[in-house]
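A closer look at the structure
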Amino acid sequence: MADLQERKIKDAQMRATINQKLVETGERERLKELLRTRLIECGWRDQLKAHCKEIVKHKGLEHITVDDLVSEITPKGRALVPDNVKKELLQRIRTFLAQQSNV
């Protein structure tokens, strides 16, 4: 049990360190821009926009909040991200980490 707890703490620390490096070097912003571009290119944004419109039409504009809409579309939004986009981002992050370990 203690090992699992320690592992979770180490994982959280590692994520924080990686995120800090990504921010410090500007790589996080570049990755976000790449993601934004790829999602527009593959039609993800349009699909999600259409899904939002369907939800609002179904529930009625006066019966839905922005928070309700976000919580409803988030799972579908994540599921609609194409695997090749996920793989490209992951590869970019791995490359970045490999370069950082060589510095």
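The present account deals with the structure reproduced in this document. (Residues numbered from 1 in each chain as written. Predicted model: local features only at pLDDT ≥ 70, side-chain atom pairs only at ≥ 80, totals over all residues. Heavy atoms only, no water.)

**Looking at the pattern of salt bridges**
All chains considered together, the criterion is met by seven salt bridges. For Glu33, the salt bridge is made with Arg36, and the minimal N-O distance between the two is 2.6 Å. Of the two residues, Glu33 and Arg36 are both situated in helix 2 (residues 27-41); the distance of three residues between them amounts to about one turn of the helix. When its relative accessible area of 42% is taken as the criterion, Glu33 is described as partly exposed. (Salt bridge = Lys/Arg side-chain N within 4 Å of Asp/Glu carboxyl O. Helix = DSSP H or I, 4+ residues; strand = E, 2+ residues; numbered from the N terminus. Buried < 20%, exposed > 50% of the residue type's maximum accessible area, 1.4 Å probe, protein only.)

**Overview of the layout of surface pockets**
In this structure, the largest pocket spans a volume of roughly 160 Å³. Together, Arg15, Ile18, Asn19, Leu22, Arg28, Leu31, Lys32, Leu35, Leu89 and Ile93 line the largest pocket. Put simply, the parts of the chain that give the lining of the largest pocket at least two residues each are helix 1 (2-25), helix 2 and helix 5 (83-102). Here the residues of the lining of the largest pocket are counted per class, giving six nonpolar, one polar and three charged. (1 Å grid on protein atoms, 1.4 Å probe; cavity = no way out; pocket = protein on both sides within 12 Å on 5 of 7 lines; lining within 4 Å. Points joined across faces, edges and corners; volume = space filled by probe spheres on them. Nonpolar A, V, L, I, M, F, W, Y, C, P; charged D, E, K, R; others polar.)

**A closer look at the environment of Trp44**
Tracing the backbone through its elements, the reader meets Trp44 in helix 3 (residues 44-59). For Trp44 and Lys87, which are 43 residues apart along the polypeptide, the C-alpha to C-alpha distance reads 16 Å. The residues contacting Trp44, other than those within four sequence positions of it, are Leu39, Gly77, Leu80 and Val81. (Contact = heavy atoms within 4.5 Å.)

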